[in-house]
Amino acid sequence: MKIGILAVQGDYEAHGRMLERLGAGYLLVRTPKEAAQADAMILPGGESTTMLKFLKEEGLEAALRALDARGAAFFGTCAGAILLAREVRAPAQDSLGFADLAITRNAYGRQLASEVRSALSKLKPEPLEMVFIRAPWIDELGPAVEVLAREGGRPVLVRDGRILVATFHPELTADTTVHEYFLKLAAERARSSSNASASKPASSQPSTSESKPMPRR
Amino acid sequence: MDSSNGNTKNQWRVKVGLAEMLKGGVIMDVTTAEQARIAEQAGACAVMALERVPADIRKEGGVARMASPRIIREIMDTVSIPVMAKARIGHFAEAQVLQALEVDFIDESEVLTPADEENHIWKHDFKVPFVCGARNLGEALRRIAEGAAMIRTKGEAGSGNIVEAVRHMRTITGEMRRLTTLRGDELVHAAKELAAPLELVREVAQEGKLPVPNFSAGGIATPADAALVRQLGAEAVFVGSGIFKSSDPDKRARAIVKAATHYEDAKAVLEASQELGEAMRGLDVRQLDPKELLQTRGW
C-alpha cells in the first residue's frame, strides 16, 4: 500500500517523516500521474488557497476525485481539512467536499492565537497533544460523522467513513497515534477495494502486501 | 528573557510550525491591498507588507522604516493568507508595534535602515515568530539563538540578480555539510570559527540541516531563479521587487509559484517561463558601491 502525500505546498515533509517512522511506504504527489499511483492520500497543512489553485489548474482535483471514487482513504490536517470539507467559510472557497462538514478558516484568530494544547480522544487513554496553527473550526457535522476528539468543546478530530479530518497538526508532534489510526483505516480500505476488484477482472491491481518504506523521489 | 518552561517550548514550536506551513511556497512583497489580492490569487502562501519594495528603497534612498500600520492593516483585512511585515534590525519597539498589530510573522530585515549596529532584536521575548536574513552559517545560527524561527538567505534585495542568493545558499549548505564530517571534539573549534553557540553547531552537525526552515530571498526574478535556489536547498522563496517591478505582475507571480513547487521538473519550469513579459531590469551587483549593499547590514 502506498500513501500519497500532496506536496504542492505546506508541511508535507513532516507527514513523510511520520510515515517513515511507522515504516509505511509513501510518495510525494505533485502531478495527476503521481496521484493515480496512490492507494490513500494525505493532504497536509499549509495554505489552502495555494493548494486549491494547484488542484484546480493542474488536473489534481480530477485525480483526487478519481481516487475518492475508487474508495480510497483520505487524511487532511488543517489546510488539508479545509480542502476535504463540504463547505468552507470565512472566506467561502471551493473544496473537494469528501467530508460532510462545514469549516471556518483561521477561526481562532491570527498567528498570535496559535497554541499547543491537549485533549482526550477515542484513539488512546492518554490525552493527545494538539498543535493548532492559524487553525480552522469545524462548525457543522453531517449525521454520519464520528467525533474522535474535542478540544475546548469543539470537534477537532473527526471521521466521515474513510475520510479522516484533523484541524490540528499531529505531524508536528512526536506522537504517531493519529497517523497509525489513518494507516489502519487506509489498509482496510485498500483491502476491501482489492477484494472488490478481485471479483471482477481488474484493470489496475492495488498492491496490498508491501509495507516497506520506499525511497523518496 | 523567558524562563525555559514548557510554555516557552510550546511557543517555540508554534513559531517554527508556522514556518513549516510556508514550505514549498512563495512569499511576495506587496505595498497595497490590491497587490496583496493579486498575490493571493496567484497562489502566494504569504505576503510581506511594506511601503516600498527594495528596488525603490535602493533608488529613492533616505531612511527606510517599518511600514505604516494603516497599510499593513489594509493588507491584513484583504487577504486570508499570513501577513508578514518588516522591522529594522535591532528596532524592538517597531517589532512590538507589529506584534500589537497582530501580524503573523516579523522580518527583522536588512532591507530597512538598521536601528542598532551591534544588537539584533532578542526575539525570544516575542510571541510572534521572526524571520532573519543570513549570508553564512554563523550568522544564521546567531539569529536562531536570538529566537528566529525561520532563516532566509539575504541575497542582494532589490537587485533582480540571483548571484548573491546563490552565493549565500551555497555557503550555508556547504558549511553545514562540512560540520557533518567533523569529529565531536572538533565542534568546539568549529563553533568558535563560526562565532555561533556550540549547542546549535552540534545540532547542525547531527542533523545536517538548520533547526528551523531555510528559505531564500534577495534577487529572485524569474521562474528559473526560483527553481535554482529550491534545487540548491531553499525550502521556499521570498520574491521582493521581482514581481511588482515586472511588466505583468499577475502572470509572473503565478509562474514563480508554479516553478517553486515543480522545481525539479524542467518541463513545468519551461511552461512557467513562457510569455511572461519583461522581468525587472536588475543590477550588476559587482558594479555597486560596497556602501550600497544591503546584505552587509546585520552582524
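Residues numbered from 1 in each chain as written. Chains lettered and ligands numbered in written order. Predicted model: local features only at pLDDT ≥ 70, side-chain atom pairs only at ≥ 80, totals over all residues. Heavy atoms only, no water.

## Some thoughts on the interface of chain A and chain B
- The interface is formed by 37 residues belonging to chain A together with 38 residues belonging to chain B.
- Contact between chain A and chain B buries roughly 2,900 Å² in total, counting both sides, with carbon and sulfur atoms accounting for 52%.
- Together, Arg110, Gln111 and Leu112 of chain A form the three largest contributors to the area buried by chain A at its contact with chain B, with a combined 25%.
- Remark: the boundary between chain A and chain B carries 6 salt bridges.
- We note a salt bridge from arginine 134 of chain A to aspartate 104 of chain B, for which the minimum N-O separation is 3.0 Å.
- Connecting chain A to chain B are 21 residue pairs in polar contact (both at pLDDT 80 or more).
- Elements that contribute at least two residues to the side of chain A that touches chain B include exactly helix H1 (12-21), helix H3 (48-57), strand S7 (115-119) and strand S8 (128-132) of chain A.
- Here the element with the most residues in the side of chain A that touches chain B is H3 of chain A; it accounts for 5 residues.
- For the side of chain A that touches chain B, a count of residues per class yields 11 nonpolar, 11 polar and 15 charged. (Contact = heavy atoms within 4.5 Å. Buried area = accessible area lost by both parts, 1.4 Å probe. Salt bridge = Lys/Arg side-chain N within 4 Å of Asp/Glu carboxyl O. Polar contact = N/O pair within 3.5 Å; in protein donor to acceptor, adjacent residues only side chain to side chain. Helix = DSSP H or I, 4+ residues; strand = E, 2+ residues; numbered from the N terminus. Nonpolar A, V, L, I, M, F, W, Y, C, P; charged D, E, K, R; others polar.)

## Considering the confidence of the model for chain A
- Within chain A, residue pLDDT values average 91, and 89% of them lie at 70 or more.
- Below pLDDT 50 for its whole length, residues 198-217 of chain A participates in 34 contacts with residues either more than four positions away or in separate chains. (pLDDT = per-residue confidence, 0-100.)

## As for unusual backbone geometry
- Residue proline 91 of chain A follows alanine 90 of chain A across a cis peptide bond; omega there is -10°.
- The topology assignment puts proline 91 of chain A in the loop between strand S5 (85-89) and strand S6 (99-104).
- By relative accessible area, which is 47% here, alanine 90 of chain A ends up partly exposed.
- Unlike most non-glycine residues, alanine 195 of chain B shows phi in positive territory, near 55°.
- Relative to the assigned elements, alanine 195 of chain B resides in the loop between helix H8 (187-194) and helix H9 (198-207). (Buried < 20%, exposed > 50% of the residue type's maximum accessible area, 1.4 Å probe, protein only.)

## Side note on helix H4 (residues 69-78) of chain B
All names here are of chain B.
- Residues of H4 that are buried include every one of Ile71, Ile72, Ile75 and Met76, and no others. Along the long axis of H4, the arc covered by the buried residues comes to 135°, so they all point the same way. Of the residues in H4, the exposed ones pointing more than 90 degrees away from the buried face are Arg70 and Asp77.
- Where H4 is buried, its residues touch strand S1 (26-30), helix H2 (33-42), strand S2 (46-49), strand S3 (83-88) and helix H5 (92-100). (Arc of directions from axis to C-beta.)

## Section: the environment of leucine 112 of chain B
- Mapped onto the fold, leucine 112 of chain B is located in the loop between strand S4 (105-109) and strand S5 (130-134).
- Filtering out sequence-adjacent residues up to four positions away, leucine 112 of chain B remains in contact with Ile57, Ala64, Arg65, Met66, Lys86, Ala87, Arg88 and Arg297 of chain B.

## Structural notes on the pattern of salt bridges
- Evaluation of the coordinates by the stated rule reveals 44 salt bridges over all chains.
- Close ionic contact of glutamate 264 of chain B with arginine 30 of chain A constitutes a salt bridge, the shortest N to O distance being 3.8 Å. Taken together, the residues span two chains, with glutamate 264 of chain B in the loop between helix H12 (249-261) and helix H13 (266-273) and arginine 30 of chain A in the loop between strand S2 (26-29) and helix H2 (32-36).
- We classify glutamate 264 of chain B as partly exposed; its relative accessible area is 47%.
- Of the charged contacts, one joins glutamate 146 of chain B and lysine 123 of chain B as a salt bridge, the two residues approaching to 2.8 Å between their closest N and O atoms. Here glutamate 146 of chain B, found in helix H6 (residues 137-146), pairs with lysine 123 of chain B, found in the loop between S4 and S5; they are 23 residues apart in sequence, far enough to count as distant.
- Using a relative accessible area of 13% as the deciding quantity, one classes glutamate 146 of chain B as buried.
- In this structure, a network of salt bridges that share partners links the residues Arg86, Glu87, Arg89, Asp100, Asp139 and Glu140 of chain A.

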